[in-house]
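Take a look at the letters that make up each chain.
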Amino acid sequence: MTDSLRSRWWLAGVAWLVFAPAALGLDPRLALSQYVHTGWTQNEGAPIPGINALAQTADGYLWLGTWHGLWRFDGLRFTLWTAAAGEGLDDEGVTALAPSATGGLWIGTVHGLQRLEQGHLETYTGRFGLTEGMVTALREDSGGRLWLGHAKSNIPVLSVLEGGAVIDRKST
């Protein structure tokens, strides 16, 4: 093998050692044993089928909206959420979820909008200019406004809720 060829192989080997970890898509600071994939099925308590919405709140809980209620996942167990005495979801069919800036959870159901804050539900449907209807999408923006897609009499509507009032509503 000539010196020129040997130099090229040496350069190729160094380049592979330098760039290969990035090409593989793994974080070189983590050990391979730190990459874990776990699947949850109905056998482990996962509310499957019928997960309509997913959101993670600031406290780390993962919330799942299903046709059979609101579920909370702590990393080990799925728990069907139960409301405080005298409170309850508008409907078991949870269709949309979004974390709130205050650490709570916006909940869209087949019949409207609610917010879970420090263990208590507040109903927004029928108040603040928000009419009853299935909520299909929720997103709180950086300004604290809640954008919601919902349907009124099967007509799609986009509303913006700010400071306890609907400030904008558009039908398509």
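As shown above, the structure is provided for reference.
Residues numbered from 1 in each chain as written. Predicted model: local features only at pLDDT ≥ 70, side-chain atom pairs only at ≥ 80, totals over all residues. Heavy atoms only, no water.

Draft legend 1. Region of the structure containing the sheet that holds strand β3 (residues 69-73). Read from one edge to the other, the open sheet built from 4 strands follows the order β1-β2-β3-β4, with strand pairing classed as antiparallel. Edge strands, defined here as strands with exactly one partner in the open sheet, are β1 (51-56) and β4 (78-80). On average, each strand axis in the sheet is inclined to that of its neighbour by 25 degrees, with strand direction left out of account. Where β3 and β4 come together, 3 bridges link them in antiparallel fashion. The residue bridging Phe73 from the neighbouring strand is Phe78, located in β4. (Pairing = 2+ DSSP bridges. Helix = DSSP H or I, 4+ residues; strand = E, 2+ residues; numbered from the N terminus. Axes fitted to C-alpha atoms, helices over the stretch in contact; angles between N-to-C directions.)

Draft legend 2. Summary view of the packing of aromatic side chains. In total, this model carries 2 aromatic pairs according to the counting rule given. Ring centres of Phe73 and Phe78 lie 4.3 Å apart, and the angle between their planes is 25 degrees; on these two criteria the pair is classed as stacked. Accessibility classification places Phe73 together with Phe78 in one group, the buried group. Its guanidinium or amino end placed over the ring of Tyr61, Arg72 lies 4.1 Å from that ring's centre, counting from NZ or CZ. Over the face of the ring belonging to Trp106 we find Arg115, whose NZ or CZ atom lies 5.1 Å from the ring centre. (Phe/Tyr/Trp six-rings, centres within 6.5 Å; stacked < 30°, edge-to-face > 60°. Buried < 20%, exposed > 50% of the residue type's maximum accessible area, 1.4 Å probe, protein only. Lys NZ or Arg CZ within 6 Å of the ring centre and 35° of its normal.)

Draft legend 3. The side chain of Arg115, seen in detail. Secondary-structure assignment places Arg115 in strand β7 (residues 113-117). At 3.4 Å, the side chain of Arg115 forms a polar contact with the side chain of Tyr124. (Polar contact = N/O pair within 3.5 Å; in protein donor to acceptor, adjacent residues only side chain to side chain.)

Draft legend 4. Expanded view of the side chain of Glu117. With respect to the helices and strands, Glu117 occurs in strand β7. In this structure Glu117 comes out as buried when scored by relative accessible area, which is 19%. Polar contacts involving the side chain of Glu117 include one to the side chain of Thr102, which spans 2.9 Å. Once residues lying within four places of it in the same chain are set aside, the contact partners of Glu117 are Ser100, Thr102, Gly103 and Gly104. (Contact = heavy atoms within 4.5 Å.)

Treat this as a map of the structure, not an account of what it does.
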